[in-house]
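Descriptive structure summary
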Amino acid sequence: MFRWIILLLLICLGGLQYRLWFGEANLREVQTLKQEIELQRTENDLLISRNHQLDAEVKDLKQGLAALEERARNQLGMVKEGETFFQLVPALPGKTPAEQGQ
C-alpha cells in the first residue's frame, strides 16, 4: 500500500515537472514574456517623456510669443525687420578655406 502511494506521488511530481518545463506557459516562455514586458515599459517611459515635452511645447506656443518667434526663426528662416541675415556655407571636403575662395 505504501509503495502505491509513493508511486502515485512520483507520477504526480513527474507530471508537474513536465508542465513546468515543457507545458503551456513554461519557465522559458515566462522569462521571454518578462523581458518583452520590460522592453515595452522602457519604450512606454520614452514615449511618456516625449509626450510631456510636446505638451510643454504646445502650452508654451499657446501662451508666449517668444517660443513662436524662436520656432519661426529656426524652422522658417524668418528675420526681424532691421536685422541682417548671414548664411554660413560649410567647407567642401578636401579643400582649404583659401582654395574655396578662388
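This text follows the structure it describes.
Along each chain, residue indices are assigned from 1 in the same order as the chain's sequence is written. The model is predicted, so local features are restricted to residues of pLDDT at least 70 and side-chain atom pairs to those at 80 or more, both for listing and for counting; the totals for chains, interfaces and linings are taken over all residues. Note that the side-chain values use all heavy atoms of the structure and ignore hydrogens as well as water.

Here's the deal with a nonpolar patch on the surface
What counts is decided by this rule: Patch criteria: residues need more than 30% relative accessible area and no salt bridge. Like-charged residues are merged within 9 Å; nonpolar side chains of Val, Leu, Ile, Met, Phe, Trp and Tyr are merged within 5 Å. Only the protein chains shown count as cover for residues, and the accessible areas themselves come from Shrake-Rupley with a 1.4 Å probe. Only one rule defines a salt bridge in this text: a Lys or Arg side-chain nitrogen within 4 Å of an Asp or Glu carboxyl oxygen. In this text, helices come from DSSP runs of H or I with a minimum length of four residues, and strands from runs of E with a minimum of two, each type numbered from the N-terminal end. Only protein chains enter the accessibility calculation, which uses a 1.4 Å probe; a residue whose area is less than 20% of its type maximum is buried, one above 50% is exposed, and one in between is partly exposed.
A surface patch of nonpolar side chains, about 550 Å² in accessible area, is lined by Y18, L20, W21, F22 and L27. Per element, the largest residue contribution to the nonpolar patch is 4 residues, and it comes from helix 1 (residues 2-22). Positionally, F22 belongs in helix 1. Owing to a relative accessible area of 59%, F22 belongs among the exposed residues under this scheme.

Details of the pattern of salt bridges
For the structure on display, the rule yields 4 salt bridges. A salt bridge links K59 to D55; its shortest N-O distance comes to 3.6 Å. In this pair, K59 and D55 are both assigned in helix 2 (residues 27-63), 4 residues apart and thus about one turn of the helix distant. The class for K59 is partly exposed, based on a relative accessible area of 47%. Because the salt bridges share partners, they merge into one network encompassing E69, R73, K80 and E83.

Things to note about the packing of helix 2 against helix 3 (residues 65-76)
Heads up, the rule is: Note on definitions: angles span 0 to 180 degrees between N-to-C directions of axes, and those axes are lines fitted to C-alpha atoms, for helices only across the stretch in contact. The scheme is simple: roughly parallel for angles under 35 degrees, roughly antiparallel for over 145, roughly perpendicular for 65 to 115, oblique for anything else. Working rule for contacts: check all heavy atoms of both residues, and any pair within 4.5 Å makes them a contact. Residue polarity follows a fixed list, in which Ala, Val, Leu, Ile, Met, Phe, Trp, Tyr, Cys and Pro are nonpolar, Asp, Glu, Lys and Arg are charged, and the others, Gly among them, are polar.
Running from N to C, helix 2 and helix 3 point in directions that differ by 105°, and their axes come no closer than 5 Å. With respect to each other, helix 2 and helix 3 are oriented roughly perpendicular. Contact residues: helix 2 offers E57, D60, L61 and Q63, while helix 3 offers L65, A67, L68 and R71. Taken together, the residues that form the contact of helix 2 with helix 3 break down as 4 nonpolar, 1 polar and 3 charged.

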